[in-house]
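Chain by chain, the residues run as shown.
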Amino acid sequence: MFIFSSGNQESFYEMQDKINRKLRSLRRLGLVLAVALVVLGIVLLFCPQSVVLWIERGIAVILGLVGIVEILDYLSTSALFRQSLTIVRGLFDLLIAVLLLRADAEMVITVFAVLLGVSAIVIGIHKLDYAMKLNYFRVEGSGMAIAGGVLSVIAGICFLISPLSSAIVLTTLIAAYCILGGIALFIEMLSFKNR
């Protein structure tokens, strides 16, 4: 029998029982997460616009609340310590929230796709710049940075050329990832064995 020398002594079997209980708890959590991933993937696959709209509505509500807090913060701060940009930021956040709530689905998806495209191009240019610096200092491994940068720029251009269809393709890829990841996690959780 193995005994730990902590304040209260536990036998090997008691410790094994604790580990098994934690494993069962982890297994249950993993199974719930796996099912949630598969359900999210299926919903994304069959209702991509609805999911994007829910995300957009959530962002709009959060931005609206942040805007209200910033305006209240400005109004509650004494005049000596007020920063004029606080109220401008608050009003700007409220304006964006209202615009997001009033926009139609196609416009929101297109704007997000364009923003994603511009972001991907900027990230790609940054990676290419990084690769050039690695080459300048003769550091090996710059090939992956070049490949990542080029792929990122190409993806960004694709998003800018056709934002709506690119967003649908991206949503489909995310859905497939969620479904496959959920199935893999489900299998992994079922393979957990008690020790």
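Preceding this section is the structure that the text describes.
The following paragraphs examine the structure supplied in this document. Quantities reported herein were computed from a predicted structural model and do not represent experimental measurements.

Quick notes on the packing of helix α2 (residues 48–76) against helix α3 (residues 84–102)
- Relative to each other, α2 and α3 sit at 155°, their axes nearing to 7 Å. In terms of axis orientation, α2 runs roughly antiparallel to α3. Crossing hand, α2 versus α3: left-handed.

As for empty space enclosed by the protein
- Taken as a whole and judged by the stated rule, the model has 1 cavity of 30 Å³ or more.
- Here the largest cavity defines a volume of roughly 40 Å³.
- Together, P48, Q49, V52, I109, A167, I168 and T171 line the largest cavity.
- Contributions of two or more residues to the lining of the largest cavity are made by α2 and α6 (163–191).
- Considered class by class, the residues forming the lining of the largest cavity number 5 nonpolar, 2 polar and no charged.

Scoring rules and cut-offs
- Residues numbered from 1 in each chain as written.
- Predicted model: local features only at pLDDT ≥ 70, side-chain atom pairs only at ≥ 80, totals over all residues.
- Heavy atoms only, no water.
- Axes fitted to C-alpha atoms, helices over the stretch in contact; angles between N-to-C directions.
- Helix = DSSP H or I, 4+ residues; strand = E, 2+ residues; numbered from the N terminus.
- Parallel < 35°, antiparallel > 145°, perpendicular 65-115°, else oblique.
- Left-handed = near helix turned anticlockwise from the far one by under 90°.
- 1 Å grid on protein atoms, 1.4 Å probe; cavity = no way out; pocket = protein on both sides within 12 Å on 5 of 7 lines; lining within 4 Å.
- Points joined across faces, edges and corners; volume = space filled by probe spheres on them.
- Nonpolar A, V, L, I, M, F, W, Y, C, P; charged D, E, K, R; others polar.

Purely geometric numbers; function is a separate question.
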